[in-house]
Amino acid sequence: MTDGYYIYRLLNCLICCFLTGCPKANSSTPMELVYPKSTNGELFPWNELRLPASVRPVNYDLSLTPNLTSMTFTGRTIINMIIQHNTKRVVLHSSEINIIKATFQVGEGKSVEVKVLEYKPWQQIAVSFPGDLKEGQVCVLTLDYTANLSHTYDGFYNSSYNDKTGAKRVLAATQFEPQAARKAFPCFDEPAFKATFLVRITREPEYIALSNMPKAKTTTLPSGMLEDEFEQTSVNMSTYLVAFIVANFTSITRNVSNTLVSVYSVPEKKEHTQYALDTASRLLQFYNTVFDIDYPLRKLDLVAIPDFLAGAMENWGLITFRETSLLVQNQSSLLDKQLIANVVAHELAHQWFGNLVTMRWWNDLWLSEGFATYWQYASLMTEFPQLYLERFKAMAKDSLNSSHPVSVSAQVNTPEQVSEMFDSITYEKGASLLLMLNSTLPDGQFRKGLLEYLRQYRGSNTVTDDLWNSITRWTYIIDYCFWMCQVQVLPQQESVSDMMRTWTLQKGFPLVTVSRKGGEVTLTQEHFLLSTDNTTHTSSLWHIPSMFMCLSALFCVFLLATLKVSESVKWLKLNYMNTGFYIVHYGDEGWAALIDALKTDVSTLTPHDRASLIHNIFSLSRLGRVSFRQVLSLLDYTTNETETAPLTEALSQLSSVYRLLDKRPELGLVARMKAYILGHFGPLMDSQDWGVEESVSSQERRSALLEVACSLGRQNCTDQATALYEQWTNSNQTNRIPGDLQRAVFSVAAQSDSGWLSLLDTYRLTTYDSEKRKILQALASTQDPRRIVWILNTVLEGGIIHTQELPLVISTVSDGFAGHLFVWDFVKESWDRIIEKFPVGSYSIQSIVKSTTSQFSTQTHLEEVQGFFSSLKERGSRMRSVQEALETIRLNQHWMDRNLATLRDWL
């Protein structure tokens, strides 16, 4: 919208100059700034999406009274601010708020009523003054307003759930990140405008109120309502971290390191909060120690909200979660507990990275989300060692032309552009770069640099260079000159800043090609870019830290390198333990040597190195650098594979190929691909025990094997699943199904009429959130077209199934043969209703676009997808996820063209 506005004004100006000669064009007089019109027709005194820096808020005094019957609220916001430099205006944010009165006070002067102008397209309001407000003056703006509680999942929104009696209960909660605090109170809604906050909530006696700080006092009002006043925040906060909740929740608590830790839930689920409390308590102590800065608030609440879109939100002192991300039974599987620990670890890490030290603007969101993702892995590495393999997802996205740098220098201004920053590049790639750096630096240097960064910038805002400068002050990366594996590398020195800027300021990642002639090994690099049309190759090289492996390990950093090796060295494996964010191509001879080594002895390489080889060769196949025959040749060794990481990667890659073929009229080829997968992994699938597994790695491996086996209809798997489901139902669900087996068991049951209906009944009644989510996935896996249509419409309506689950349901339906075209038609027909619930550009919308289009591989579907999204215009046509979808379909086409003949022959 803003781009169109400026283009419109520019064209008018050019036409005027052409017709009149434009006298100003030849004068030294600067062109007048063009201001938009506010809602009352007057000129709005600001013409940029970002707020001016002339005013800085110091403190907010917020009073809110939600009405959970009419679903409205009233509010008063008092903002104490300081003038940074002379100005005639105060500009701030407000959205969907009806301001009924505004007053302004300068210093100790009289408070006077002022007129508020609003420009809705940019969600801004302004107060103008005839004379300058002077630098250094302290001012107070008071705004009284009314608003509706939001019916979406952001701002101050209403939610509901049914209690154990079936009665409907309502509540109000907040979700302000990235730009929705302005929907609850007028504010300077940008991360750099940090301030303190004092919050008052007026509520009915049957509810409780929570906010970021402990409650200071409760006052009974003449109306019988209660007003809770919370302590003023002891830290400066960005507006997106403010939070408040009005609900009927109960809690369990524990004192940890002078902090009261509490977990809140609806009363019926209080017994499912203990694991979250234990995990949060342990992690709080861990982070206090490892960051060498104690958590700064006196309380830390973790709250499970029945209707919540994000997995969780790191509001300082009041972290909010989906119920499925926080609540778990004591007897639940380790895999279910891993999910809870993962999310809790991520959100607690944010209390330092994101809250204490905050990115200056959303283009550097990775400084918050990348760090939180890294620390969720690092803090749980000994307990859940497989977590960091998640970064393969980020490489898939980052290999496309539509990707973006981790630290974006291009414009990130509109709400859509800001929302699109919440993706796997920001999260998983950001975390992967930190993992790579930590693996590169000598022991302890990475942590010392991070502590310097936290100490120097606590309470402030930062950009990416601030991080690298802090770490650079502590260490240099040195190529050590030594002999290992009979490989010689010459030493050189460079700073962390020099190296890491090559990874954060350009999109994509390198493809390292290994060429060997006798004892000489040459390493070259290029941009690993899958797209073949309108491509934008990066012009810079990456400074690549690499660990080599043959018989032992060797470290070096290189741009281009030539290594000397003994001719007795038969193979060379780069990226030891898969800590680097790049792909390696070994050439035909190099791949053959590695394949022979694995066929001779699987344990020649570590499980992580075997997983990375599988990932790399599939990626190179999509790029066209290796044939699919070579991919299948590498996979021959997997008949002897028993480790979780390589098995799950192989199954994931083969399942993706199978689903792609399944959506084409290639019935014979699909049958042969199915036979190939079951032929390779069938014996291992059949040997799995269906009882209780003790280790998380075993559960993860078993879950991956049996879900694929049952989905492909392997008789042993479906028989076992059916028997286990019958035992569960016949025992009135007292014979528990192990958590890691539930998705496979429920999905088999959902393919029959009786099973699907009984699962739907269980879904309505169960209070076990991890179980409920797996039942929903099973219901959505049905191949019955009537039920597919029913579940899609039901989840969009909300009620039996919360609308927050729509992305999950769409993803599950899309994987099935019967559902993938139904769900694409559903998304097209329901698009306007979908974006009423989920903001354009949000992670949920990104997921929906990817799920419904990523398995298309024909020109017809390419044109259909392109036509549909082009027609949306400002309702989603310019989303990065749309460009990603179009690229993916083209790549699928090219892959099919290259490999169908080989597959028909080889399989």
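Residues numbered from 1 in each chain as written. Predicted model: local features only at pLDDT ≥ 70, side-chain atom pairs only at ≥ 80, totals over all residues. Heavy atoms only, no water.

Secondary structure summary: the protein chain contains 26 helices and 32 strands in total. Scaling as 2.2 N^0.38, a compact globule of 907 residues should have a C-alpha radius of gyration of about 29 Å, and the protein chain matches this with 29 Å. Here the C-alpha coordinates of the protein chain stretch approximately 85 × 75 × 60 Å along the principal axes. Out of the 907 residues in the protein chain, the part that is buried amounts to 61%. The long-range share in the protein chain, meaning contacts at least 24 apart out of those at least 6 apart in sequence, stands at 71%. A total of about 35500 Å² of accessible surface is found on the protein chain, and carbon and sulfur atoms cover 51% of it. Averaging the locations of the 80 positively and 93 negatively charged side chains of the protein chain gives two centres separated by 3 Å. (Helix = DSSP H or I, 4+ residues; strand = E, 2+ residues; numbered from the N terminus. Rg over C-alpha atoms; globule rule 2.2 N^0.38 Å. Buried < 20%, exposed > 50% of the residue type's maximum accessible area, 1.4 Å probe, protein only. Contact = heavy atoms within 4.5 Å. Areas by Shrake-Rupley, 256 points an atom, 1.4 Å probe, with all protein chains shown as cover. Lys, Arg positive; Asp, Glu negative; His and termini not counted. Charge placed at Lys NZ, Arg CZ, Asp CG, Glu CD.)

Moving on: unusual backbone geometry. Cis rather than trans, the peptide bond between E177 and P178 has omega equal to 0°. Mapped onto the elements, P178 comes out in the loop between β10 (168–175) and β11 (196–203). Phi is positive for N578, close to 60°, though the residue is something other than glycine. By the secondary structure assignment, N578 is in the loop between β31 (561–565) and β32 (583–585). For N578, a relative accessible area of 3% corresponds to the buried category.

Counting 283 residues, the largest nonpolar core has F185, F188, Y287, W352, W375, W503 and W831 as its most contacted members. Contact partners of W503, with chain neighbours within four places excluded, come to K429, L433, M436, F509, P510, W542, H543, I544, P545, F581 and Y582. (Core = buried A, V, L, I, M, F, W, Y, C linked by side-chain atoms within 4.5 Å.)

On the UniProt side, "active site" (unreviewed entry) is annotated at positions that read E347 here. Assignment of secondary structure puts E347 in helix α3 (residues 334–350). (UniProt positions renumbered as here; feature names shortened; annotations may be inferred.)

Structurally, S619 can be placed in helix α12 (residues 607–623). Residue S619 is classed as buried on the basis of its relative accessible area, which comes to 14%. Leave out the neighbours within four places in its chain, and S619 touches F528, L530 and I583.

Orientation of helix α4 (residues 366–380) relative to helix α9 (residues 464–472), taken along the N-to-C sense of each, is 55°, at an axis distance of 10 Å. For the element pair α4 / α9, the angle class is oblique. The segment α4 lies against α9, with W366, L367 and F371 engaging T464, L467 and W468. (Axes fitted to C-alpha atoms, helices over the stretch in contact; angles between N-to-C directions. Parallel < 35°, antiparallel > 145°, perpendicular 65-115°, else oblique.)

Roughly 1100 Å³ of internal volume is contained in the second largest pocket. Around the second largest pocket, the lining comprises 41 residues; the ones closest to its centre are S160, Y161, N162, G799 and H802. If one sorts the elements of the lining of the second largest pocket by residue count, strand β9 (residues 155–162) sits on top with six residues. (1 Å grid on protein atoms, 1.4 Å probe; cavity = no way out; pocket = protein on both sides within 12 Å on 5 of 7 lines; lining within 4 Å. Points joined across faces, edges and corners; volume = space filled by probe spheres on them.)

Spatially, β5-β4-β8-β2-β1-β11-β14-β13 is the arrangement adopted by the eight strands of the open sheet, whose pairing is mixed. Strands with a single pairing partner mark the edges of an open sheet, and in this sheet they are β5 (112–113) and β13 (215–220). When β11 meets strand β14 (residues 226–230), the two strands line up antiparallel, connected through four bridges. Counted as the bridge partner of R203 is L226 from β14. (Pairing = 2+ DSSP bridges.)

Before going further, it helps to examine the side chain of T142. Within the secondary structure layout, T142 lies in strand β8 (residues 138–148). Residues within four places of T142 in sequence aside, it is in contact with R76, T77, I78, K101, A102 and T103.

Let us look at the confidence of the model for the protein chain. Taken over all residues, the pLDDT of the protein chain has a mean of 91, while the share at 70 or more is 91%. Confidence drops under pLDDT 50 across residues 1–29; counting only partners more than four residues distant or on other chains, this segment forms 19 contacts. In this model, residues 551–555 is a region of pLDDT below 50 whose contacts with residues beyond four sequence positions or in other chains number 21 contacts. (pLDDT = per-residue confidence, 0-100.)

The next subject is empty space enclosed by the protein. One pass over the structure, following the stated rule, counts five cavities of 30 Å³ or more. Within this model, the largest cavity holds a volume of roughly 70 Å³. Lining the largest cavity are L49, H93, W122, Q179, R182, W361, N413 and P415. Of the residues belonging to the lining of the largest cavity, the class tally is four nonpolar, three polar and one charged. Counted as a void, the second largest cavity has a volume near 40 Å³. S814, H820, S851, T852, T853, S854, Q855 and F856 together form the lining of the second largest cavity. (Nonpolar A, V, L, I, M, F, W, Y, C, P; charged D, E, K, R; others polar.)

Summed over all chains, the structure comprises 47 aromatic pairs. Relative to F244, the ring of F156 lies with its centre 5.0 Å away and its plane at 90°, an arrangement referred to as edge-to-face. Of this pair, F156 sits in strand β9 while F244 sits in strand β15 (residues 244–247); the two residues are 88 residues apart in sequence, bridging distant segments of the chain. The exposure class of F156 is buried, given its relative accessible area of 1%. (Phe/Tyr/Trp six-rings, centres within 6.5 Å; stacked < 30°, edge-to-face > 60°.)

Another point: the sheet that holds strand β17 (residues 259–265). Strand order across the open sheet formed by five strands is β16-β17-β18-β20-β19, with mixed pairing between neighbours. One side of each edge strand has no neighbouring strand; the edge strands of this open sheet are β16 (250–256) and β19 (312–313). Running at roughly 25° to β16, helix α2 (residues 274–290) makes contact with β16, β17 and β18 (299–305) of the sheet.

Taken N-terminus to C-terminus, the directions of α3 and helix α16 (residues 696–711) make an angle of 105°; their axes are 9 Å apart at the nearest point. Between α3 and α16, the angle falls in the class roughly perpendicular. In contact with L334, L335 and Q338 of α3, α16 contributes V696, Q699, E700 and S703. Among the residues making up the contact of α3 with α16, the classes are represented as three nonpolar, three polar and one charged.

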